[in-house]
Amino acid sequence: MVTITVCVGSSCFLRGASQVIEGFRALIEREAPGVVELKGSFCMERCGNGVTVKIGDVILADVHPEDVENVFREHVLPALGRNAECGQHVHH
Ligand code: FES
């Protein structure tokens, strides 16, 4: 089980935190249902570099909605013990 925590403080919210959450939600549903927990959090005190996302114990700054898929492949799937290369590429 991996936990993704997305900052929904006001600064991150303005930078697209809700789209980031929605992006993760869709990826989890498609690729890792039931093994990734998605949570919101109050300000993580990195407001200048939002959106701030925490994956397990690793804090990532500057996550924009368009980065979500890469972050998922590079940080979430490996944390689940999956090879990032194996994921299918999906276009919207
Ligand atoms: S509002 Fe997200 S780090 Fe402060």
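Residues numbered from 1 in each chain as written. Predicted model: local features only at pLDDT ≥ 70, side-chain atom pairs only at ≥ 80, totals over all residues. Heavy atoms only, no water.

## Concerning the side chain of Thr 52
Line of reasoning, step 1. Looking at the element boundaries, Thr 52 is found in the loop between strand E2 (36-41) and strand E3 (53-55).
Line of reasoning, step 2. With a relative accessible area of 1%, Thr 52 lands in the buried category.
Line of reasoning, step 3. With near-sequence residues (within four places) excluded, Thr 52 lies in contact with Thr 5, Val 6, Cys 7, Cys 12, Met 44, Arg 46, Ile 59 and Leu 60. (Helix = DSSP H or I, 4+ residues; strand = E, 2+ residues; numbered from the N terminus. Buried < 20%, exposed > 50% of the residue type's maximum accessible area, 1.4 Å probe, protein only. Contact = heavy atoms within 4.5 Å.)

## Examining the pattern of salt bridges
Line of reasoning, step 1. Inspection of every chain in the model, using the stated rule, returns six salt bridges.
Line of reasoning, step 2. The closest approach of N and O atoms between Glu 29 and Arg 25, which form a salt bridge, is 2.9 Å. Remark: Arg 25 and Glu 29 occur in helix H2 (residues 17-31); sequence separation between them is four residues, near one turn of the helix.
Line of reasoning, step 3. On the basis of relative accessibility, which here comes to 55%, the residue Glu 29 falls in the exposed class.
Line of reasoning, step 4. Look at Arg 25 and you get partly exposed, because its relative accessible area is 37%.
Line of reasoning, step 5. Between Glu 31 and Arg 73 there is a salt bridge, with the nearest N and O atoms lying 3.2 Å from each other. Of this pair, Glu 31 sits in helix H2 while Arg 73 sits in helix H3 (residues 68-79), and the two are 42 residues apart along the sequence. (Salt bridge = Lys/Arg side-chain N within 4 Å of Asp/Glu carboxyl O.)

Purely geometric numbers; function is a separate question.
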